[in-house]
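# Structural overview
Chain by chain, the residues:
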Amino acid sequence: MKQQTLAPPCYGARSSVGDPQNWHDPMYDPKHIDETALLVPRPAWADPTDVSNEELETRKTHVNMKLKPLRDSGYLCTFNDRVGLSKRYLNPKGKTGITGRGILGKFGPNHAADVLVTRRNTQTGVYEALLVEKNIEGESCLAWPAGMVEAGESVPETLKRELLEEAVAQNEAVDLLFSICKRGVVFAGHVDDWRNTDHAWMETNAVHFHATDMIGAQLKLSVQDVGEINRSRWVDIDRVRSMYASHMDWLRILRGICTGIEKTRIARPTTSLFISYATFVPPNKRNRDDESNEGSVYSILRSNIPRQRVE
Ligand code: RP5
């Protein structure tokens, strides 16, 4: 996983993790990194360093695609770290080699929203994803437009704000995209982000919108957030090989979904493009294990984008 092998340069190399789920491993000797604690004055998005578990326990985390209070998640554990035994909320995907928050703002889950827009290129017939080239330490990395859910914001609000900041200009096509092109939640849960630590991790809602031919043609590429994004562009969905954090996993899911859209389009060309995701999930894949996986596309019909606040 990236959260055990990659790290922003300011973290240096991560300590060895061993069995990621064995928090009581006596050999585990993680580094403590809390860059956020050094910021003066403390930014509004950051927890105070002494935030208590009592304060964290009511915050929401994803368990099997559903938001639950941290206190009901089972992530609280007595952790054997270098300063002795302490009770902490721990990264649900296991040890990372780093304690503290790293460069994340909140202890526990840090909530984001990712907007996954696809279209059919009417000239080539190819299915395309609306991606950004994210500036990561001076290098361009392909990613879906995305960002943190800000205080007081709902996930749908974040999705639209981030799409407009990172990928397209506001016009009627954007409003139509959000009002009539929403297909479903492709993923909701923990993200394999290189900033994650044992005590702070990214979670997201990755929501898919498939633009009709007309809306897809009318979306105008534009980047406001030029500090973080080098450019936005439509990319052939079959030609992407690697992406930021867990983004490639969602693109792979959408390849299957676009195949389903194409089959429906050819079979019933005059009907609406709306089809259910379940239509193209192979029945042999729909077993109980898949359904219990966090973020599984197979649970899509049971999930909604949360309108409630995530914290
Ligand atoms: C990832 O970080 C999420 O999937 C999302 O794409 C992104 C949000 O963080 P920022 O890019 O806004 O810092 O984990």
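The coordinates are above.
A few points on the structure. Since the model is a prediction, treat every value here as computed from it, not as a measurement.

Rules behind the numbers
Residues numbered from 1 in each chain as written. Predicted model: local features only at pLDDT ≥ 70, side-chain atom pairs only at ≥ 80, totals over all residues. Heavy atoms only, no water. Helix = DSSP H or I, 4+ residues; strand = E, 2+ residues; numbered from the N terminus. Polar contact = N/O pair within 3.5 Å; in protein donor to acceptor, adjacent residues only side chain to side chain. Near = heavy atom within 4 Å. Areas by Shrake-Rupley, 256 points an atom, 1.4 Å probe, with all protein chains shown as cover.

### Some remarks on the side chain of histidine 190
Along the polypeptide, histidine 190 turns up in strand 11 (residues 182-190). A polar contact is formed between the side chain of histidine 190 and the side chain of glutamine 3, at a distance of 3.1 Å. At a separation of 3.2 Å, a polar atom in the side chain of histidine 190 contacts the side chain of asparagine 91.

### Things to note about the site of the ligand
Within the structure, the ligand sits among 14 residues, and Asp114, Lys134, Asp193, Arg195 and His247 are positioned closest to it. Between the ligand and aspartate 114, the relevant distance is 2.7 Å, taken from an oxygen atom to a side-chain nitrogen or oxygen of the residue. A distance of 2.8 Å separates an oxygen atom of the ligand from a polar side-chain atom of arginine 195. In isolation the ligand exposes 360 Å². Once the protein is present, 92% of that is buried. Among the secondary structure elements, those contributing two or more residues to the shell around the ligand are strand 7 (108-120), strand 10 (146-148) and helix 6 (247-267). Considering each element in turn, the shell around the ligand owes the most residues, three residues, to strand 10.

Read these as geometric descriptors, not functional statements.
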